Amino acid sequence: YTEQGGRVMEACDACHQRLSGIVEDFKAERATTGSYAKGALGAAVGGLIGVIPWVLIGMLGYVAAISGLIMAWLSYKGYQLAHGKRGKSMAWVLVVVLIVFTYVGVMANLYVGIMQEGYDMSGTLLLFLGAPFLPEYFNVGVIWGQLALGWLFAGLGSFGLIRRANREGKGKDIAVNRIDK
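Residues numbered from 1 in each chain as written. Predicted model: local features only at pLDDT ≥ 70, side-chain atom pairs only at ≥ 80, totals over all residues. Heavy atoms only, no water.

J.: Would you explain empty space enclosed by the protein in this entry?
T.: Any space left empty among the atoms is revealed by the rolling of a water-sized probe across them. Under the defined criterion, the tally for this structure stands at one cavity of 30 Å³ or more. Of the pockets and cavities examined, the largest cavity occupies roughly 40 Å³. Along the walls of the largest cavity sit Trp-54, Val-63, Val-106, Asn-109, Leu-110, Gln-146 and Gly-150, which together make up its complete lining. Elements with a minimum of two residues in the lining of the largest cavity: helix H4 (90-116) and helix H6 (140-170). Grouping the amino acids of the lining of the largest cavity by side-chain chemistry returns four nonpolar, three polar and no charged. (1 Å grid on protein atoms, 1.4 Å probe; cavity = no way out; pocket = protein on both sides within 12 Å on 5 of 7 lines; lining within 4 Å. Points joined across faces, edges and corners; volume = space filled by probe spheres on them. Helix = DSSP H or I, 4+ residues; strand = E, 2+ residues; numbered from the N terminus. Nonpolar A, V, L, I, M, F, W, Y, C, P; charged D, E, K, R; others polar.)

Structure follows, in structure tokens:
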């Protein structure tokens, strides 16, 4: 018997060896094609697009794990569409992108919230992105609390997808194992 991807198949030794060879060739090709830089750029574009639903959900007054899942999925798809390298660092690239763009999403959400309160925020977006580091201008405790909550929900929402990307990067998603009777 041969197990691949959680499925058990009946296979003779010769068929198992042939399948193992095909999988190893595919893993080798996967590990040498693409680049982390292109993948990171694609993931960043996906993360930037993921900020939009984050802000929209935030405008409704919610912070939800679904926002993190949407952002993670868009980053993952961006990584794939940009032909990022499917290696061991793939999951780390996605984690860094999620940390950065969750920060951008939370800050944009706070920015939009302040604008909805009627304050004129024109020309202050770049200043506002640095708000957690400017205690003389902003209540940084509240901002760091919002960031922590955002990162928590992004982590909860994206955990399964990051785990999948990690398995894919290590080649475990296509591994073939022989099972003895």
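J.: Can you walk me through a positive patch on the surface in this structure?
T.: Positive charge collects at one region of the surface, where Lys-88, Arg-163, Arg-167, Lys-170 and Lys-172 lie side by side. Tracing the backbone shows Arg-163 in helix H6. With a relative accessible area of 54%, Arg-163 lands in the exposed category. (Patch = residues over 30% accessible without salt bridge, like charges linked within 9 Å, V, L, I, M, F, W, Y side chains within 5 Å. Areas by Shrake-Rupley, 256 points an atom, 1.4 Å probe, with all protein chains shown as cover. Salt bridge = Lys/Arg side-chain N within 4 Å of Asp/Glu carboxyl O. Lys, Arg positive; Asp, Glu negative; His and termini not counted. Charge placed at Lys NZ, Arg CZ, Asp CG, Glu CD. Buried < 20%, exposed > 50% of the residue type's maximum accessible area, 1.4 Å probe, protein only.)

J.: Where do I start with the packing of aromatic side chains in this structure?
T.: Any aromatic ring pair is given by two values, namely how distant the centres are and how the planes are angled relative to each other. Across all of its chains, the model carries two aromatic pairs by this definition. Geometrically, the ring pair formed by Phe-133 and Trp-144 is edge-to-face, given 5.6 Å between the ring centres and 80 degrees between the ring planes. With a gap of 11 residues between them, Phe-133 in the loop between helix H5 (125-129) and H6 and Trp-144 in helix H6 connect regions that are remote in the sequence. A centroid spacing of 6.4 Å and a plane angle of 45 degrees characterise the contact between Trp-144 and Trp-151, whose relative ring orientation is tilted. Assessed through its relative accessible area of 34%, Trp-144 is described here as partly exposed. A relative accessible area of 29% places Trp-151 in the partly exposed class. Pairwise contacts between aromatic rings join Phe-133, Trp-144 and Trp-151 into one cluster. (Phe/Tyr/Trp six-rings, centres within 6.5 Å; stacked < 30°, edge-to-face > 60°.)

J.: Help me understand the pattern of salt bridges in this model?
T.: Side chains bearing opposite charge may pair, as long as their charged atoms lie close to each other. Across all of its chains, the model carries one salt bridge by this definition. The salt bridge partner of Glu-168 is Arg-86, with a shortest N-O separation of 3.0 Å. With Glu-168 in helix H6 and Arg-86 in the loop between helix H3 (65-81) and H4, this pair connects stretches of sequence that are 82 residues apart. With a relative accessible area of 5%, Glu-168 lands in the buried category.

J.: Help me out: how do you make sense of the sheet that holds strand E1 (residues 2-4) in this one?
T.: Whether parallel or antiparallel, the strands of a sheet pair through hydrogen bonds between backbone atoms. With antiparallel pairing, the three strands of this open sheet are ordered in space as E2-E1-E3. Here the strands that pair on one side only, and so sit at the sheet edges, are strand E2 (7-9) and strand E3 (176-178). Within the sheet, the average angular offset between the axes of one strand and its neighbour, ignoring direction, is 25 degrees. Sheet analysis places E1 next to E3, joined by three bridges and oriented antiparallel. (Pairing = 2+ DSSP bridges. Axes fitted to C-alpha atoms, helices over the stretch in contact; angles between N-to-C directions.)

J.: Explanation requested: the environment of Val-142 in the structure shown.
T.: By the secondary structure assignment, Val-142 is in helix H6. When the C-alpha atoms of Val-142 and Pro-132 are compared, they prove to be 8.9 Å apart, with 10 residues separating the residues in sequence.

J.: Help me out: how do you make sense of a nonpolar patch on the surface in this one?
T.: Among the surface-exposed residues, Leu-41, Val-45, Ile-49, Ile-52, Leu-56 and Met-59 lie close enough to one another that they form a single nonpolar patch of about 560 Å² accessible area. Positionally, Ile-52 belongs in helix H2 (residues 36-59).

J.: Please clarify how H6 should be interpreted in this entry.
T.: Since one α-helical turn is 3.6 residues long, residues separated by three or four positions face the same way. Over its 31 residues, H6 runs only 40 Å from end to end, short of the ideal 45 Å by more than 12%, given 1.5 Å per residue. At Ser-158, H6 is deflected by roughly 55 degrees, the largest bend along its length. Residues of H6 that are buried: Ile-143, Leu-147, Gly-150, Ala-154, Gly-157, Ser-158, Leu-161, Ile-162, Ala-165, Glu-168 and Gly-169. On its buried face, H6 is in contact with helix H1 (13-32), H2, H3 and H4. Phi turns positive, to about 80 degrees, at Gly-171, one or two residues after H6. (Expected span 1.5 Å × (residues − 1). Bend = angle between axes of the 7 residues up to and from the residue. Contact = heavy atoms within 4.5 Å.)

Everything listed is a geometric property; what it means functionally is a separate question.
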